[in-house]
Amino acid sequence: MNNTHTVGVQEDEGMEHKTRKDIIHTFQVNFLAMSLLNAFPWDYLDEEIRSSNTSDIIEDILQKTCLHPICIKNPPSLKYRRRFLTELIKRQEKLSAEPLDILYEALGEVMCAQEEDVCYKTYLLPTGDAVSLAENVALISQGTTGLVTWEAALYLAEWTLENTHIFKNKTVLELGSGIGLTGIVLCRSCSLTKYIFSDCHQSVLQRLKDNITNCLANCDDVSVEELDWENVSDEQLQRIQANTIIAADVVYDPDIIACLVRLLSRLLNREVEENHPDVYIASTVRNPQTYECFKKDLERAGLRHVIIKDSVTQVFPYNRASTIEMIKIYV
């Protein structure tokens, strides 16, 4: 792997922040993934400073966040680091009389720096490995939402970690790979015959290739396909020969549902090694009407689905209050 930094990962990111070590670890996990600041355990930090009568923990947090090698190599956005350090200083000044020069030096550095279009979010795997992905600072950039990671991709990645047996020795096609989180996590965690990332926007494909190069040392069994759902050829599908298909957050626009369902129908009605492929789709249900339209189109195409209700351990920091549904589609 090109990314050699590893971090000790504790099993439950939704843990109670009882110990000093827990607090520092949770700050690190949330900071590297650019979680919302209100997701950090600030109250536990305040309590730790009060009970210890020292702000040493703030310096420890700084070493695990802004000054950590991962952050130096693959930094979160400048704006995010400024806000984080400002909040950390506010807490330190409120609860401790002794100023921390190292805090102000860190803030001074980011105040003088210039924001770039690209930032990095780093996700820590249960093994301790770090997956650092370049994302666009703007939510919607260059006419596509594919340059950021969405909740359903995080959920699907977590589900694959618990179901690696489904993918072992399989050729996996991912539709709408975006910047590549799910596929990179799966490639790092499972023995696959081949993994095919796909998307249709040139800017997304380039970012995807960069992230694969940075995160996967051995790319021999990995490929990236430009896949236009509306115009994909039989020859292209024949060449791909996937027996497992996955996708996350691809059901968000009513205008693309019809071509997505047509593609799924073509994939599912094509036998690979004398079997129909398995299809798994994870969706954040932002608009129930759009999602219901997708399910009805599946039914009209003669495709059935079943909701997967497995309990999935949360590994990555994100808001699970959103409605995320996993389905398996079959003929």
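Look above for the structure.
Notes on the structure in this doc start here. (Residues numbered from 1 in each chain as written. Predicted model: local features only at pLDDT ≥ 70, side-chain atom pairs only at ≥ 80, totals over all residues. Heavy atoms only, no water.)

## Examining the pattern of salt bridges
What counts here: Criterion for a salt bridge: a side-chain nitrogen of Lys or Arg within 4 Å of a carboxyl oxygen of Asp or Glu. Note on conventions: DSSP H or I runs of at least 4 residues are helices, E runs of at least 2 residues are strands, and numbering of each starts at the N terminus. Only protein chains enter the accessibility calculation, which uses a 1.4 Å probe; a residue whose area is less than 20% of its type maximum is buried, one above 50% is exposed, and one in between is partly exposed.
One pass over the full model with this rule turns up 17 salt bridges. Residue Arg270 pairs with Asp234 through a salt bridge whose shortest N-O separation is 3.6 Å. Of this pair, Arg270 sits in the loop between α12 (254-268) and β7 (278-284) while Asp234 is found in helix α11 (residues 234-240), placing the two residues 36 residues apart along the sequence. The exposure class assigned to Asp234 is partly exposed, which follows from its relative accessible area of 44%. A single salt-bridge network, built from bridges that share partners, covers Asp46, Glu87, Lys90 and Arg91.

## Quick look at the sheet that holds strand β4 (residues 194-199)
Formally: Criterion used throughout: strands pair if DSSP finds at least two bridges between them. In this description, a line fitted to the C-alpha atoms serves as the axis of each element, helices being fitted only across the stretch in contact, and the angle between N-to-C directions of two axes falls anywhere from 0 to 180 degrees. Only heavy atoms matter for contacts: two residues are in contact if any of them lie within 4.5 Å across the pair.
Ordered by their spatial adjacency, 7 strands build an open sheet running β5-β4-β3-β6-β7-β9-β8, and the pairing between neighbours is mixed. Strands at the two margins of the open sheet, each flanked by one partner only, are β5 (222-226) and β8 (304-308). Put simply, the sheet's adjacent strands are angled 20 degrees from each other on average, direction ignored. Most of the contacts of helix α10 (residues 202-215) go to β5, to which it runs at about 175 degrees, and overall it touches β4 and β5.

## With respect to the nonpolar core
For clarity, the threshold we go by: Throughout, nonpolar core names a set of buried Ala, Val, Leu, Ile, Met, Phe, Trp, Tyr and Cys residues whose side chains join them through atoms within 4.5 Å.
Core analysis: the biggest nonpolar cluster contains 40 residues, and Leu133, Trp159, Phe167, Tyr195, Ile246, Phe316 and Met326 have the highest contact counts within it. With 7 residues, helix α7 (residues 151-162) is the largest single contributor of residues to this core. Discounting chain neighbours no more than four positions away, the residues touching Ile246 are Leu156, Phe167, Val172, Leu173, Glu174, Leu175, Thr182, Leu186, Tyr195 and Tyr280.

## Remarks on the side chain of Ser55
Inspection of the secondary structure puts Ser55 in the loop between α2 (42-52) and α3 (56-64). Filtering out sequence-adjacent residues up to four positions away, Ser55 remains in contact with Gln92, Ser96, Glu98 and Leu100.

## Some thoughts on the packing of α3 against helix α5 (residues 78-95)
Applied cut-off: The labels follow the angle: roughly parallel below 35 degrees, roughly antiparallel above 145, roughly perpendicular from 65 to 115, and oblique for the rest. When residue character is reported, Ala, Val, Leu, Ile, Met, Phe, Trp, Tyr, Cys and Pro are called nonpolar, Asp, Glu, Lys and Arg charged, and the others, Gly included, polar.
At a minimum axis separation of 10 Å, α3 and α5 run at an interaxial angle of 170 degrees. In this view, α3 runs roughly antiparallel relative to α5, as classed from their interaxial angle. Seen from α3, the contacting residues are Ile58, Ile61 and Leu62; seen from α5, they are Phe84, Leu85, Leu88 and Gln92. When the residues that make up the contact of α3 with α5 are grouped by side-chain class, the tally is 6 nonpolar, 1 polar and no charged.

## So, α10
For clarity, the threshold we go by: Working rule for helices: expected span equals 1.5 Å times residues minus one. Within this analysis, the arc is defined by the directions that extend from the helix axis to the C-beta atoms.
Here α10 contains 14 residues, and its C-alpha end-to-end distance of 20 Å stays within 8% of the 20 Å for a straight helix at 1.5 Å per residue. Burial in α10 covers these residues: Val204, Leu205, Arg207, Leu208, Asn211, Ile212 and Cys215. All buried residues of α10 fall inside an arc of 165 degrees around its axis, so they share one side. On its buried side, α10 packs onto β1 (118-124), β2 (130-136), α9 (181-189), β4 and β5.

## Some remarks on the packing of aromatic side chains
Selection criterion: The rule is short: rings of Phe, Tyr and Trp, with Trp giving its six-membered ring, pair when the centres are within 6.5 Å, and they are stacked under 30 degrees, edge-to-face over 60, tilted in between.
Enumeration according to the criterion identifies 14 aromatic pairs in this entry. Taken together, Phe27, Phe31, Phe40, Trp42, Tyr80 and Phe84 form an aromatic cluster joined through their ring pairs.

## Notes on the side chain of Ser77
So the rule is basically this: Polar contacts, as counted here, are pairs of nitrogen or oxygen atoms within 3.5 Å of one another; within protein the pair requires one atom able to donate a hydrogen and one able to accept it, and residues that are adjacent in sequence qualify only if both atoms are side-chain atoms.
Along the chain, Ser77 falls in the loop between α4 (69-73) and α5. What makes Ser77 buried here is its relative accessible area of 6%. Of note is the side chain of Ser77, whose polar atom sits 3.1 Å from the backbone nitrogen of Tyr80. Those residues within four positions of Ser77 in sequence are excluded, and the remaining contacts are Met34, Glu115, Cys119 and Val137.

## Quick notes on empty space enclosed by the protein
To keep it simple, the criterion reads: Site definitions follow a grid-based scheme: protein atoms alone, a 1 Å grid, a 1.4 Å probe that fits but cannot get out for cavities, and for pockets an open set with protein on both sides within 12 Å along at least five of seven lines, plus lining residues having an atom within 4 Å of a point. Grid points are joined across faces, edges and corners, and a volume is the space filled by probe spheres set on the points.
Across all of its chains, the model carries 1 cavity of 30 Å³ or more by this definition. Every residue lining the largest cavity is listed: Leu237, Ile240, Gln241, Ala242, Leu267, Arg270, Val272 and Pro277. Tallied by class, residues from the lining of the largest cavity come to 6 nonpolar, 1 polar and 1 charged.

## Overview of the environment of Thr127
Note on placement: Thr127 falls in the loop between β1 and β2. A relative accessible area of 63% places Thr127 in the exposed class. Along the primary structure Thr127 and Tyr104 are separated by 23 residues, whereas in three dimensions their C-alpha atoms are 34 Å apart. Reaching out from Thr127, the side chain makes a polar contact with the backbone nitrogen of Asp129 at a distance of 3.3 Å.

## A short note on unusual backbone geometry
The phi angle at Met34 is positive, at roughly 55 degrees, despite the residue not being glycine. Note on Met34: relative accessible area 18%, which makes it buried. Look at Asn169: it is not a glycine, yet its phi comes out positive at around 60 degrees. The topology assignment puts Asn169 in the loop between α8 (164-167) and β3 (171-175).

No statement about biological role is implied by the geometric values presented.
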